[in-house]
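Okay, here's what each chain looks like letter by letter:
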Amino acid sequence: MELPVISLKAKRNSLHPWIFNRMIRHPQKKLKPGTLVEVISKEGDFIGRGIYNFNSNIGIRLLTENISELLDREFFFKKLEQAKALREEILQIHKTSNCYRLVHGEADGLSGLIIDKFADVFVIEPYSAGYVETVDWLASSLQSLYPGSRIAVRPDERTAAKEGVDFSKIAKNYPGPDSLEIKENFLRMKVNLKTGQKTGFFLDQRENRLTLSEYCHNKEVLDCFCYTGGFAISAMLAGARSATGIDLDEDALETAEENARLNSVKVTFQHVNVFDHLRMMTSRGMQADVVILDPAKLAGCTEEIKRAHRTYGDINRLGMQTVRPGGILLTCSCSGLVSESDFLSILTRSAAEAGVVLQIFKISGASQDHPFSTIFPEGRYLKAVFARVFPYIKKT
């Protein structure tokens, strides 16, 4: 298949898979958003093949720089086959869980694509217009690699607006079930594909959920931004004395209640604003042994970074004040635009303002099925900081 040729007007100085609009010599005849193209330098040399979209700031998402590699069904099949090999042959996640992230975008060589495996259902979340035309190749490849599997496409409306494309047809063609049950280590969880955020469940916290549960025996646990209850329920399964989960997402809390019943544990879920609840606890001198802070992404673009820093600072200051002396705080940031060093600086300031000292004993990230690439370091987005919290006593 012969692809339209797009040339660059600026020199490409890195292997990064994104080529921004300002670097591209756009053709006079507009190409449909998501068109597969061949990319050449301004001198006419081959650079690679990828997805072109003049509507997006990311004008080209390179998928290959191998001149002999064509963008056809075989290409996508091989990428998915390689992705499966990492998760099953190397990481062997399937031995303890029937769910994992199969494709983590650029790290798996498929820029702008997320695919999560939930039992026998694969949820495809496209972030690029290019997957409108290639979704059938993806679906047939998945069903070849995982016989009997079902496919669901869950596009994001904001992505569709940015990409200038309609994902509704492929979502209709691949609806998937409304909900299903997964197994993650010792957890059994219901995933709601109709109302759930992103692909329906946050697989990136799998290892952090398991790690935190080891510290919860006979402890009082507070899970802030609890979503469908993963941390709180894990804590109770590990022998926590009590667990409370708080969130503003009513649909998520409804699923959380079901998940608690599914795991035969009792968790108190409350539909409250986390900031208000923590302020109330502080005013009443209420504390917990283990506090989890896992808010949704606070910085989706550069303009939101400053506000995200302030919000992370506020929530951590409040959260630290609700941890009993010597207790444990797990605080997370899934904002890729907030670096690990910046997040640690925020925690340092928040600790000083809260009158506490953090004894950080572990810094983690996303689970192993969320790899990142040396040519796309942005793929390392999740920061998870485990610390003991002690009051700071000033000498007189």
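**Q** So what's going on with the sheet that holds strand β7 (residues 99-104)? Residues and values would help.
**A** Taken together, the 4 strands give an open sheet; going across it, the order is β7-β8-β9-β10, and neighbouring strands pair in mixed fashion. Looking at which strands have only one partner, the edges of the open sheet turn out to be β7 and β10 (150-153). In this sheet, adjacent strand axes meet at a mean angle of 20 degrees when their direction is disregarded. Sheet analysis places strand β8 (residues 113-118) next to strand β9 (residues 121-126), joined by 6 bridges and oriented antiparallel. Along β9, the bridge assignment pairs D116 with V123. Each of β7 and β8 touches helix α1 (residues 73-90); the most contacted strand, β7, lies at about 140 degrees to it.

**Q** Give a detailed account of a positive patch on the surface, specifying residues and quantitative values.
**A** A contiguous patch of positive charge on the surface is contributed by K9, K11, R25 and K42. Note on placement: K9 falls in the loop between β1 (5-8) and β2 (18-20). Accessibility expressed as a relative area gives 44% for K9, which makes it partly exposed.

**Q** Which residues make up α1, and what are the values?
**A** With 18 residues, α1 ought to run about 26 Å at 1.5 Å a step, and its terminal C-alpha atoms sit 25 Å apart, in line with that. The elements touched by buried residues of α1 are β6 (58-64), β7, β8 and α2 (131-145). Following α1 by one or two positions, Q92 has its phi on the positive side, about 55 degrees.

**Q** Tell me about unusual backbone geometry, and name the residues and values.
**A** The backbone of K198 shows a phi angle near 50 degrees, a positive value even though the residue is not glycine. As for its placement among the helices and strands, K198 is situated in the loop between β12 (187-192) and α5 (206-213). In the Ramachandran plot, Y227 falls in the positive-phi region, its phi being about 55 degrees despite a non-glycine side chain. By the element assignment, Y227 lies in the loop between β13 (220-224) and α6 (230-237). Look at Y227 and you get buried, because its relative accessible area is 8%.

Definitions and limits used
- Residues numbered from 1 in each chain as written.
- Predicted model: local features only at pLDDT ≥ 70, side-chain atom pairs only at ≥ 80, totals over all residues.
- Heavy atoms only, no water.
- Pairing = 2+ DSSP bridges.
- Helix = DSSP H or I, 4+ residues; strand = E, 2+ residues; numbered from the N terminus.
- Axes fitted to C-alpha atoms, helices over the stretch in contact; angles between N-to-C directions.
- Contact = heavy atoms within 4.5 Å.
- Patch = residues over 30% accessible without salt bridge, like charges linked within 9 Å, V, L, I, M, F, W, Y side chains within 5 Å.
- Areas by Shrake-Rupley, 256 points an atom, 1.4 Å probe, with all protein chains shown as cover.
- Salt bridge = Lys/Arg side-chain N within 4 Å of Asp/Glu carboxyl O.
- Lys, Arg positive; Asp, Glu negative; His and termini not counted.
- Charge placed at Lys NZ, Arg CZ, Asp CG, Glu CD.
- Buried < 20%, exposed > 50% of the residue type's maximum accessible area, 1.4 Å probe, protein only.
- Expected span 1.5 Å × (residues − 1).

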